[in-house]
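These are the residues of each chain, in order.
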Amino acid sequence: MAKILGGITTSHIPAVGNAIQNELYDDPYWKPFFDGYPKVHAWIAEHKPDYCINIYNDHGLGFFLDQMPTFAIGAAHEYRNEDEGWGLPSLDPFPGAPELSWHIIESMVADEFDITSCQELAVDHGFVVPMQLFWPGAPHHPDMPRTVPISANTVQHPIPTLKRALAFGRALRKALLSFPEDAKIVVLGTGGLSHQLDGQRAGFINKEFDQYCLDNIVHNPDELTKISRLELVEKAGAQGTEFLMWMMMRGALGDDVTEITRNYHIPISNTAAGTLLLECAA
Ligand code: DHB
Ligand code: FE
């Protein structure tokens, strides 16, 4: 049976893709951000996951406001990345794992989650920037896992509640643990932490709220389900709603987790950049 190794979260700011392209790892602006990743690289090198579940939000490449699934799961042989207009090079396609995708979709629907299944899906910076951060050279890293993208709507209201996001993750855990292959799986949650890109509050960041979320998500994620969606927008910013993906990831890990590393740095572009690696009990 499959095993869940752990979960990793990171912000997915497009400017990071440019910094990677230009190798700005030691640049004074970027260094405190990139310093958060060597421990993640070491953990990945030690555990070598076979599959990666990448929980992200699409920002208008795979879906747009006219067709916005609340929860979508990729079931393709590969996932294309395309130019979104950020000036980033388009990466080669990422290898999929359709047999795992369909297993997850079957299990989630049996658990009464209404899923949009996608046999074709273009993936944006929300998916690819974390892959580049965790597997440098992605998708051509020698240990590149096969992947299942899961997209949550954090863009077009009504968005899911934090409670639903955590419950989604818990159902995903059940799906993954019942996959009949001796496989090692890592779950990613991308986006966040606090940020707002538009309107009068553009540039808004809330360190206190981010720390509250970071502290509770490790051992007390249910506490965070008390936050309403309105409160999440108010406290984390309009795009801070991306914290929903962190909650989905957390639900998939079960109760017994160990924090391996975390990093928090303000700001990268308009965002409070957060990274967290949680390992599941054996
Ligand atoms: C930024 C952050 C995001 O999460 C995103 O999707 C796009 C841009 C930013 O801070 O620039
Ligand atoms: Fe985003």
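Look up a bit, the structure's there.
Definitions and limits used
- Residues numbered from 1 in each chain as written.
- Chains lettered and ligands numbered in written order.
- Predicted model: local features only at pLDDT ≥ 70, side-chain atom pairs only at ≥ 80, totals over all residues.
- Heavy atoms only, no water.
- Helix = DSSP H or I, 4+ residues; strand = E, 2+ residues; numbered from the N terminus.
- Rg over C-alpha atoms; globule rule 2.2 N^0.38 Å.
- Buried < 20%, exposed > 50% of the residue type's maximum accessible area, 1.4 Å probe, protein only.
- Donors = N, O, S within 2.8 Å, 3.2 Å for Na, K, Ca; no water.
- Pairing = 2+ DSSP bridges.
- Salt bridge = Lys/Arg side-chain N within 4 Å of Asp/Glu carboxyl O.
- Near = heavy atom within 4 Å.
- Polar contact = N/O pair within 3.5 Å; in protein donor to acceptor, adjacent residues only side chain to side chain.
- Areas by Shrake-Rupley, 256 points an atom, 1.4 Å probe, with all protein chains shown as cover.
- Nonpolar A, V, L, I, M, F, W, Y, C, P; charged D, E, K, R; others polar.

Trainee: So what's going on with the overall build of the protein chain? Residues and values would help.
Mentor: Assigned secondary structure in the protein chain consists of 10 helices and 11 strands. The C-alpha radius of gyration of the protein chain comes to 17 Å, within 12% of the 19 Å expected for a compact globule of 282 residues. Its C-alpha atoms give the protein chain principal-axis dimensions of about 45 × 40 × 40 Å. Taking all 282 residues of the protein chain together, 56% fall into the buried category.

Trainee: How would you sum up the coordination of the iron ion (ligand 2)? Please name residues and give values.
Mentor: The textbook angles at a metal center are 109.5 degrees for a tetrahedron of four donors and 90 or 180 degrees for an octahedron of six. Protein ligation of the iron ion (ligand 2) involves His12 (NE2), His59 (NE2) and Glu242 (OE), the donor distances falling in the range 2.0 to 2.2 Å. Mapped onto the sequence, the donors of the iron ion (ligand 2) take the spacing H-x46-H-x182-E. Of this pair, histidine 59 sits in the loop between strand 2 (51-56) and strand 3 (71-74) while glutamate 242 sits in the loop between helix 9 (229-236) and helix 10 (243-251), and the two are 183 residues apart along the sequence. Using a relative accessible area of 3% as the deciding quantity, one classes glutamate 242 as buried.

Trainee: Quick one: what's the story with the sheet that holds strand 5 (residues 94-95), residue by residue and with numbers?
Mentor: The strand order 5-4-7 describes an open sheet built from 3 strands, whose pairing is mixed. Only two strands of the sheet have a single neighbouring strand rather than two, namely strand 5 and strand 7 (122-123). Pairing geometry for strand 4 (residues 78-81) and strand 7, over 2 bridges, is parallel. Paired with asparagine 81 across the bridge in strand 7 is valine 123.

Trainee: I'd like to hear about the pattern of salt bridges, residue by residue, with values.
Mentor: Taken as a whole and judged by the stated rule, the model has 11 salt bridges. One salt bridge in this structure joins arginine 80 and glutamate 120, with 3.5 Å as the shortest N-O distance. Residue arginine 80 is found in strand 4, and its partner glutamate 120 is found in the loop between strand 6 (116-118) and strand 7; the two are separated by 40 residues along the sequence. Looking at arginine 80, the relative accessible area reads 32%, which means it is partly exposed. Between glutamate 223 and lysine 226 there is a salt bridge, with the nearest N and O atoms lying 2.8 Å from each other. In this structure lysine 226 comes out as exposed when scored by relative accessible area, which is 62%.

Trainee: So, the site of ligand 1: which residues are in play, and what are the values?
Mentor: Close to ligand 1 lie His12, Ile13, Pro14, His59, Trp86, His125, His195, Leu197, Glu242, Ser269, Asn270 and Thr271, which account for all nearby residues. Between ligand 1 and histidine 59, the relevant distance is 2.8 Å, taken from an oxygen atom to a side-chain nitrogen or oxygen of the residue. The separation between an oxygen atom of ligand 1 and a polar side-chain atom of glutamate 242 is 3.2 Å. Starting from 300 Å² of accessible surface for ligand 1 in isolation, the protein chains cover 95%. Split by residue class, the shell around ligand 1 holds 4 nonpolar, 7 polar and 1 charged.

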